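Results of the structural survey
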Amino acid sequence: MEKIAATVSLNHFVSVEDLTNEEVLTLIKRASQFKKGMISPQVREPLYAVNLFFENSTRTHKSFEMAEKKLGIDIIDFEPSTSSIKKGESLYDTVLTMSALGTEIAVIRDSKEAFYTELINSKSIQCSIINGGDGTGQHPSQCLLDLMTIYEEYGHFDGLKIAIIGDLKHSRVAKSNMHMLKRLGAEVLFSGPTEWIDDSFKEYGQYAAVDDVVCEADVIMLLRVQHERHESYNDALIATYLDQYGINELREKKMKPSAIIMHPAPVNRDVELQSSLVECERSRIVTQMSNGVYARMAILEAIIVGRTNRKTPL
Ligand code: CP
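Keep in mind it's a predicted model, so treat the numbers as computed, not measured.

Turning to the overall build of the protein, a few remarks are in order. Looking only at helices and strands, the protein features 10 helices and 9 strands. Its C-alpha radius of gyration of 20 Å places the protein within 12% of the 20 Å reference for a compact globule of 314 residues. Taking the principal axes of its C-alpha atoms as reference, the protein extends roughly 55 × 50 × 35 Å. Here the protein holds 314 residues, and 57% of them are scored as buried. Partitioning the intrachain contacts of the protein with sequence separation of at least 6 by distance along the chain shows that 77% fall at a separation of at least 24. With an accessible surface of roughly 13800 Å², the protein has 49% of that area assigned to carbon and sulfur atoms. Counting 35 positive and 44 negative side-chain charges, the protein places the averaged centre of each group 4 Å from the other.

Looking now at the site of the ligand. Close to the ligand lie N56, S57, T58, R59, T60, R109, H139, Q142, P264 and A265, which account for all nearby residues. Take T60: an N or O atom from its side chain is 2.7 Å from an oxygen atom of the ligand. Between R109 and the ligand, the recorded distance is 2.9 Å, taken from a side-chain N or O atom to an oxygen atom. Contact with the protein chains hides 90% of the accessible area of the ligand, taken as 250 Å² for the molecule alone. A molecule is said to occupy a pocket when more than half its atoms come within 2 Å of that pocket's grid points, and by this definition the ligand occupies the largest pocket. In terms of residue class, the shell around the ligand is built from 2 nonpolar, 6 polar and 2 charged.

The strand order across the open sheet formed by 4 strands is β2-β1-β3-β4, and the pairing between neighbours is parallel. What marks the edges here is a single partner per strand, and that holds for β2 (74–76) and β4 (128–134). When strand polarity is set aside, the average angle formed by the axes of neighbouring strands in this sheet is 20°. Seen against the sheet, helix α3 (residues 91–100) touches β1 (48–53), β2, β3 (105–110) and β4 and runs at an angle of roughly 165° to β3.

What counts and how
Residues numbered from 1 in each chain as written. Predicted model: local features only at pLDDT ≥ 70, side-chain atom pairs only at ≥ 80, totals over all residues. Heavy atoms only, no water. Helix = DSSP H or I, 4+ residues; strand = E, 2+ residues; numbered from the N terminus. Rg over C-alpha atoms; globule rule 2.2 N^0.38 Å. Buried < 20%, exposed > 50% of the residue type's maximum accessible area, 1.4 Å probe, protein only. Contact = heavy atoms within 4.5 Å. Areas by Shrake-Rupley, 256 points an atom, 1.4 Å probe, with all protein chains shown as cover. Lys, Arg positive; Asp, Glu negative; His and termini not counted. Charge placed at Lys NZ, Arg CZ, Asp CG, Glu CD. Near = heavy atom within 4 Å. Polar contact = N/O pair within 3.5 Å; in protein donor to acceptor, adjacent residues only side chain to side chain. 1 Å grid on protein atoms, 1.4 Å probe; cavity = no way out; pocket = protein on both sides within 12 Å on 5 of 7 lines; lining within 4 Å. Sits in = over half its atoms within 2 Å of the grid points. Nonpolar A, V, L, I, M, F, W, Y, C, P; charged D, E, K, R; others polar. Pairing = 2+ DSSP bridges. Axes fitted to C-alpha atoms, helices over the stretch in contact; angles between N-to-C directions.

Read these as spatial facts, not as claims about activity.
Right, dumping it as structure tokens:
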């Protein structure tokens, strides 16, 4: 039987900046073990989780749900549209309530950047908080599944050239990934419309035209155009986006033979990526979705270990 990897012990999982490189690598290896069918010995019964999604989601919401079910965690249903949120109850008071009811883990997606700060600093809230995406801030579980996907491909991060292309300014995926990839020794390159990049990206990598990065990158990491975060829909830009900044069949042919295409999805087909390439040989988009379940199992297990090890309340 394969040896169980050392587990990570966490109180919360809200930002990649809180994780050491060693913890990230341990979580990736643990996720790989779950992918191979490993059963977690960590879950005690009963354990309750609630998934509070105040922004739309398919992958993050449902893969956390799948991960919770695979770990034997009981899920408390919560539907924002029929909850007291509709009567004006705040996120804080909703989580306070779920904590008082005995929920131990709250997976939350909200449009407010760093929404989790007041929750993890509360003396009354005893839930462990997992960030399922905070506005344009961070998407730490997406980062872990992306790192897992790259690690499966290359077995390391140092020296890899990773091009993050697209709507950088509005992307929480870009923010989490650029931080961890740089820390793990990868070279990050940026590309896309210049109005969607600012000076805050400079410390993580260089900007270059898409036709330059496409030939040298080991990983092309495309970002969704985040229409919901734009002031208005730019028809002219979207109509020409694929040709100007996206990966079409011509650019795909210029990629290194071993290079892969990633996208957190949902994909705007024929905008960031030509539709015919979504499931092409180089694409790891479906693998990313599958890996999301295992990466989230590793995160949940680390939270359970943290709660089991802790002697005092949060
Ligand atoms: N990648 C991602 O976060 O997808 P969802 O918005 O569907 O969760």
